[in-house]
Amino acid sequence: MATAIRRRQVKLMRSWPVMAVSGVVAAIASVVAAILLPGVATAAGLVGWAWYRGWPASKLRNIVLAVLGSTALAAAMTADPIWPYHTLETAIRQAFSGQWPEAVTNAVGGQLVLAAVAAWWWWHRYTLRMQSGVAGERSEKHARRQLLRRQREAQRRIRREITPLSRPGRVVLGHRYESTYGEVRLAGEYLLAKDRPWIEIPLDRLQLHTAVIGETGAGKTTLLTRLSAGWTEAAWAEYVRRSSQPESGSTVDQVNPRPLTIFVDAKGGREAPDAARSWADAMEALGLDPRRVGVFPFEQRLNMWQLPPRQLRASLHALASTDHEYYSRLQRELLHLVVDAPDGPPTSSVGFLKKINPDALRRSWRGYETELQSIEALTASRGGPSPMAADLMLFADLFRLLGSDFDAGRPLADFDALYISLPGTVDRVVAEAKASVVIELLAYELATSSRRCLFILDEFSAVSGEVAGSVIGLVERLRSLGGSVVVAAQSYEGLAPTPDERERLLGAMGGGMLVMRTQNSGPVAQRAGTRRVSEVGRQLAGTEEGSLGTVRRQDAFLLNPDRLRRLPEHHVAYVLPEEVQWGVVTPLEPTKRLPSEVIVESPQRALPPAGDAVPYLQLCADRQREVDERLRGWSA
Ligand SMILES: Nc1ncnc2c1ncn2[C@@H]1O[C@H](COP(=O)(O)OP(=O)(O)O)[C@@H](O)[C@H]1O
Ligand SMILES: [Mg+2]
């Protein structure tokens, strides 16, 4: 028994150095683990978070910069330039003395910079490798997974955050989740790139005119509504800022035009009045004076009689168009007689109808031989009513049809925001004629008084047949007059009836395109141009991928047409020559936001409108009386 105990004692005494060594090793190992693991876990956590959120490497770089900044700040405050090192030392000491929680905390603090840099470096390398396509299908999976995560994140931000309508000089459309660049980016560009979370449209770009393309239900109208509100806020901010600068003085209007937002819905239809009213409500919620927000033709009329004679003739002729060449000529002649009369053009439909009268015309044109002969020709009757009588009926009918829409209403100068609804799907001819008149009115308004105008044409294809030409003209003219045109259509082909006109229209639009989901994405992608990408090829050894491969730099579409075809609803690609920004549109929710301070507090806000040239009821009564009397005269 005693020998057994003794033997064990000897054994123990022999093995104690081994045990002591292993104890020290275990202690050191746990200290090292306690010190290193927090750093590794921080780095891994950062990478994991970036992976989960679909972050690009530049976001981790920003975190590195932020950590570096705060480290430097802490160093300055503690007067210890190498405090992370000292903190780490403390952590090691604490670990040896068994203060584990304190040791772990200090270890995290001491290695934060290192961990952040390591995470960034690793994520940068990894994303680059995946983007290069070296890893084959895994690369594609990575790209798609990260894209879906970023999209989900953008959508979450839309729900949770209040997206601003505008930033100085820029309109905010929604949340951005990706950018594709046309050129390789240099290190400086990459480092200086601001990861702004929004799709922003600079006002200067809008000035160059923009096209919007997207199929039904993709969210065009929602986008355009937001665009109009954002533009209004941004343009008003500039307007108010400039007009509060004292040196502008009396020439304020020349150098500082008042913003005017016009939204034309060319589709019309049953929901048109509601859509119009909700747009106007949104503009009023923004802070615009309700008296200066118009809804045409449901609540306000415009006034085409203020147009100069030549445009007035053309507009009337377009509105009362007949297919018959002979009558068309006679009508033009009659319009010349009535509108160009030496005693001035008519100022309302009543005045116009009054003038379609042989005696009145003869009186006006006394001394003008040619015109007097025309009057005789127009009144000559060959059985049936004379051409003049036919025209009288035609125009009387026209004014009844138009329902006084353009008749002695308010001038465009009266409005800061105007919604124009045209019955494109119901009556295309009337809609096209009205669109032409609106464009004439706008061109006249911009030429005579200085306004800064955003002219949005939604569902352009509903009127583009006759109007395409005048819109192209408007686009080409408007830049010098201070207007921006935004044209929206359901497809690339909907932008104009012929390829030539389409090319001309898009050629004049230098402000890029806003593209939503569209099936016919080929031509759009072609317009956007290409960028250089690397294409990786692998050699096969039997059926396995071998270690040899090739890389080729080649052109690929800057705007991927397949991606456009499969784009989720409400997503948009903002296509510029140098870059494509992908994002989700934030719908405008007037209940979620306060009125815009710049507009509400502006002294210019409540500029009194001039109002209707002739009150509506009086106009109707006068016209009815005029037509009744005249027709009675004829039948007698
Ligand atoms: N960004 C968005 N977020 C949520 N819903 C949207 C968004 N954009 C559009 N919608 C909804 O989708 C539907 C169709 O949008 P709309 O703008 O009318 O499309 P389009 O004009 O292209 O036919 C509408 O009911 C609208 O409320
Ligand atoms: Mg729409």
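Keep in mind it's a predicted model, so treat the numbers as computed, not measured.

What follows concerns the overall build of the protein chain. Per the secondary structure count, the protein chain includes 23 helices and 14 strands. Relative to the compact-globule value of 26 Å for 636 residues, the protein chain shows a C-alpha radius of gyration of 36 Å, a clear excess of over 25%. With the principal axes as the frame, the protein chain shows a C-alpha extent of 150 × 65 × 45 Å. Taking all 636 residues of the protein chain together, 39% fall into the buried category.

With that settled, consider the site of ligand 1. Surveying the vicinity of ligand 1 reveals the residues G214, T216, G217, A218, G219, K220, T221, T222, H570, V585 and P587. At three residues, helix α8 (residues 220–243) tops the list of elements feeding residues into the shell around ligand 1. Here the residues of the shell around ligand 1 sort into three nonpolar, seven polar and one charged.

Our next topic: helix α4 (residues 100–132). The largest bend along α4 reaches roughly 60 degrees and is located at Q111. What α4 keeps buried is the set A103, N106, A107, G110, Q111, L112, A115, A116, A119, W120, W123 and T127. Immediately downstream of α4, the backbone of G133 shows phi near 85 degrees, a positive value.

So, about the domain arrangement of the protein chain. Considered domain by domain, the protein chain is made up of domain 1 (10–132), domain 2 (198–243 + 252–303 + 408–538 + 548–600) and domain 3 (309–402). One C-alpha centre belongs to domain 2, the other to domain 3; they are set 38 Å apart. Residues of the side of domain 2 that touches domain 3, tallied by class, amount to four nonpolar, one polar and one charged.

Turning to the pairing of strand β13 (residues 571–575), a few remarks are in order. Burial of β13 is extensive: five of the five residues sit out of reach of the surface. Bridge count for strand β10 (residues 513–515) against β13 is three bridges, and the pairing is antiparallel. Considered in β13, the bridge of V515 is made with A573. In terms of strand pairing, β13 meets strand β14 (residues 579–585) through five bridges, oriented antiparallel. Across the sheet, the residue bridging to A573 is W582, located in β14. Between β13 and β14, which pair antiparallel in sequence order, lie three residues.

It is worth spelling out the pairing of β14 at this point. Extensive coverage of β14 is indicated by the burial of six of its seven residues. With seven bridges joining them, strand β2 (residues 170–181) and β14 adopt antiparallel strand pairing. For S179, the partnering residue across the bridge sits in β14 and is Q581.

For the rest of this paragraph, the subject is unusual backbone geometry. Residue F296 is joined to P297 through a cis peptide bond whose omega torsion reads 0 degrees. Inspection of the secondary structure puts P297 in the loop between β6 (293–296) and α11 (309–319). The phi dihedral of A79 is positive, around 55 degrees, even though this residue is not glycine. Looking at where A79 falls in the secondary structure, it is placed in the loop between α2 (57–78) and α3 (83–96). One non-glycine residue, H209, lies in the positive phi region at around 75 degrees. Considering the arrangement of structural elements, one finds H209 in the loop between α7 (203–206) and β4 (210–213).

In terms of nonpolar packing, the biggest core is built from 138 residues, with I262, L457, V486, V487, V515, L559 and V572 touching the most fellow members. Looking at which element gives the most residues to this core, the answer is α8, with ten residues. When we break this core down by domain, the ones giving at least three residues each are domain 2 (198–243 + 252–303 + 408–538 + 548–600) and domain 3 (309–402). Among residues more than four places away in sequence, those in contact with V486 are T210, V212, L224, L227, L454, I456 and L457. A43, A50, A115 and A116 belong to the second-largest nonpolar core, a separate cluster that totals twelve residues.

Conventions we followed
Residues numbered from 1 in each chain as written. Chains lettered and ligands numbered in written order. Predicted model: local features only at pLDDT ≥ 70, side-chain atom pairs only at ≥ 80, totals over all residues. Helix = DSSP H or I, 4+ residues; strand = E, 2+ residues; numbered from the N terminus. Rg over C-alpha atoms; globule rule 2.2 N^0.38 Å. Buried ≥ 20, exposed ≤ 12 C-beta atoms within 10 Å, placed from the backbone. Near = placed C-beta within 6 Å. Nonpolar A, V, L, I, M, F, W, Y, C, P; charged D, E, K, R; others polar. Bend = angle between axes of the 7 residues up to and from the residue. Domains from an automatic or database assignment. Pairing = 2+ DSSP bridges. Core = buried A, V, L, I, M, F, W, Y, C linked by C-beta atoms within 7 Å. Contact = placed C-beta atoms within 7 Å.

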